[in-house]
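Take a look at the letters that make up each chain.
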Amino acid sequence: MTSTPPPASFAGPRLVLMRHSKTQPAASSDHARSLTNRGRRDGHEAGRWLAAEGIIPDVVLVSSAARAQQTVDAVVRGLGGQPLEVEVVVLDALYDADGCEVIEICRTTVSADAGCALVVGHNPAMEQAAALLLPEPGSESASEHQDTHLPTSALCVFSWPVGAGWSDLESGRVSLVASYSPRDA
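Starting from 1, residues in each chain are numbered consecutively following that chain's sequence as written. Predicted model: local features are reported for residues with pLDDT of at least 70 only, side-chain atom pairs are reported and counted for 80 or more only, and whole-chain, interface and lining totals are derived from all residues. Heavy atoms throughout the structure, all of them, feed into the side-chain values; hydrogens and water do not.

Q: Sorry if this is basic, but what is going on with the overall build of the protein here?
A: We count a stretch as a helix when DSSP gives it H or I for four or more residues in a row; a strand needs E for two or more, and each element gets its number in order from the N terminus. Across its full length, the protein holds four helices and seven strands. Taken from N to C terminus, the helices and strands of the protein fall in the order β-β-α-β-α-β-α-β-α-β-β. The buried label applies to any residue whose accessible area, calculated with a 1.4 Å probe on protein chains only, is under 20% of its type's maximum; exposed applies above 50%, and partly exposed to all values in between. Looking at the protein as a whole, 48% of its 185 residues qualify as buried. For the protein, long-range pairs separated by at least 24 residues make up 79% of all intrachain contacts whose partners lie at least 6 apart in sequence. Accessible surface, the protein as shown: approximately 8300 Å² in total, 48% of it carbon and sulfur. Contacts between residues were defined by any pair of non-hydrogen atoms, one from each residue, lying within 4.5 Å. We get accessible surface area from the Shrake-Rupley algorithm with a probe of 1.4 Å; when it comes to residues, only the shown protein chains can shield them.

Q: What is the right way to read the environment of Leu-118 from this model?
A: Looking at the element boundaries, Leu-118 is found in strand 5 (residues 116–121). A C-alpha to C-alpha distance of 8.1 Å links Leu-118 and Asp-58, two positions 60 residues apart in sequence. Ignoring sequence-local partners within four residues, the contact set of Leu-118 consists of Val-16, Met-18, Pro-57, Val-59, Val-60, Leu-61 and Val-75.

Q: In this structure, what is going on with the packing of aromatic side chains? I would like to understand it.
A: Each aromatic ring pair is specified by the distance between its two centres and by the angle formed by the two planes. Within 6.5 Å between ring centres, the rings of Phe, Tyr and Trp (the latter by its six-membered ring) count as paired, and their orientation is classed by plane angle as stacked under 30 degrees, edge-to-face over 60, tilted in between. Within the structure shown, the criterion is met by two aromatic pairs. On the basis of an interplanar angle of 85 degrees and a centroid distance of 4.8 Å, the ring pair of Trp-160 and Trp-166 is categorised as edge-to-face. One exposure class covers both Trp-160 and Trp-166, and it is buried.

Q: Which parts of the structure should I look at to understand the pattern of salt bridges?
A: When the charged atoms of two side chains with opposite charge come close together, those side chains can pair. We count a salt bridge whenever a side-chain nitrogen from Lys or Arg sits within 4 Å of a carboxyl oxygen from Asp or Glu. Scanning all chains against the criterion turns up five salt bridges. Note that Asp-30 is salt-bridged to Arg-33, the shortest N-O span being 2.9 Å. A residue is classified by how much of its surface remains accessible, and Arg-33, at 18% relative accessible area, is buried. Taking the shortest distance from any N to any O, the salt bridge between Arg-38 and Asp-42 comes out at 3.2 Å. On the criterion of helical spacing, the pair formed by Arg-38 and Asp-42 is a turn pair, its members being four residues apart in helix 1 (residues 37–53). Arg-38 gets classed as partly exposed once you look at its relative accessible area, which sits at 34%.

Q: Help me out: how do you make sense of the nonpolar core in this one?
A: When a protein is soluble and globular, its nonpolar side chains tend to lie buried together. Nonpolar cores are built from buried Ala, Val, Leu, Ile, Met, Phe, Trp, Tyr and Cys residues. Side-chain atoms within 4.5 Å join them into one set. Counting residues in each nonpolar core, the largest one holds 32 residues, and the members touching the most others are Leu-15, Leu-17, Leu-61, Val-102, Val-119 and Phe-158. Those elements that provide at least two residues to this core are strand 2 (14–19), strand 3 (59–63), strand 4 (87–91), helix 3 (99–109), strand 5, helix 4 (125–133) and strand 6 (155–159). Those residues in contact with Leu-17 that lie beyond four places of it in its chain are Val-102, Val-119, Met-126, Ala-129, Ala-130, Leu-133, Leu-150, Ala-154, Leu-155, Cys-156 and Phe-158. Judged by nonpolar contacts, the second largest core, of 21 residues, contains Val-72, Leu-79, Ala-178 and Tyr-180.

Q: What's the story with the side chain of Thr-71 in this structure? I'm lost.
A: Of note, Thr-71 is situated in helix 2 (residues 66–78). Judged by relative accessible area, which is 0%, Thr-71 ranks as buried. When residues no more than four places from it in sequence are discounted, the contact partners of Thr-71 are Met-18, His-20, Ser-21, Leu-35 and Val-120.

Q: Would you explain the environment of His-20 in this entry?
A: Tracing the backbone through its elements, the reader meets His-20 in the loop between strand 2 and helix 1. Exposure remark for His-20: the relative accessible area of 6% places this residue in the buried category. Between the alpha carbons of His-20 and Asp-42 there is a distance of 9.7 Å; along the sequence they are 22 residues apart. Beyond its immediate stretch of four places on either side in the chain, His-20 contacts Arg-67, Ala-68, Thr-71, Val-120, Gly-121, His-122, Thr-152 and Ser-153. A polar contact of 3.3 Å, which involves the side chain of His-20, links it to the side chain of Arg-67. Each polar contact in these results corresponds to two N or O atoms within 3.5 Å; when the atoms are within protein, one needs to be able to donate a hydrogen and the other to accept it, and residues that are neighboring in sequence are counted only if both atoms are side-chain atoms.

Q: Where do I start with the pairing of strand 3 in this structure?
A: On a regular strand, each side chain points to the face opposite its neighbour's, so the side chains alternate between the two faces of the sheet. In terms of residue burial, strand 3 counts as a mostly covered element, since five of its five residues are buried. Both faces of strand 3 are covered, namely the face carrying Val-59, Leu-61 and Ser-63 and the face carrying Val-60 and Val-62. In terms of strand pairing, strand 3 meets strand 4 through five bridges, oriented parallel. Its bridge partner being in strand 4, Val-62 is matched across the sheet by Val-90. When DSSP finds two or more bridges between a pair of strands, those strands are recorded as paired. Sheet topology places strand 3 next to strand 5; four bridges connect them, and they run parallel. Its bridge partner lying in strand 5, Val-62 is registered against Val-120.

The following block contains the structure:
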């Protein structure tokens, strides 16, 4: 688990990319697969970590797959006593999106007034999106820890400059400011 304060200029919007929690190996369809007990626990713990870090989403974009929606439910429970007025948007497009499409969905779906968005989806798309957003190593906005491997229930938190909007979400403009994996907890 890592948390690095962003550069002062990177205190603007935050994007949390999260891979859904651990699921059953099979169901009537891939879309219908549900979380395991471990998945519910890990999702809850990810929500507790977000709350402890003060990262509370204004909007959640979630795949239409059952496991992704159940992950959101677990995360919201983990956020605990936080006053939540979070908009949850279920998107079929996140179910089979690639990394570029995840970023485009964020650019076009998250409202301009949202300070923090949580996106819950699937691999390899979530890892691809995180890797695409990372600035080049050695650049001013690159953080020391740039691991974007996302096992189940793991997440990466990105921030970008004050005054920039969701349409400005692109590589080189954001900084990886924190990451969490249940394996690190």
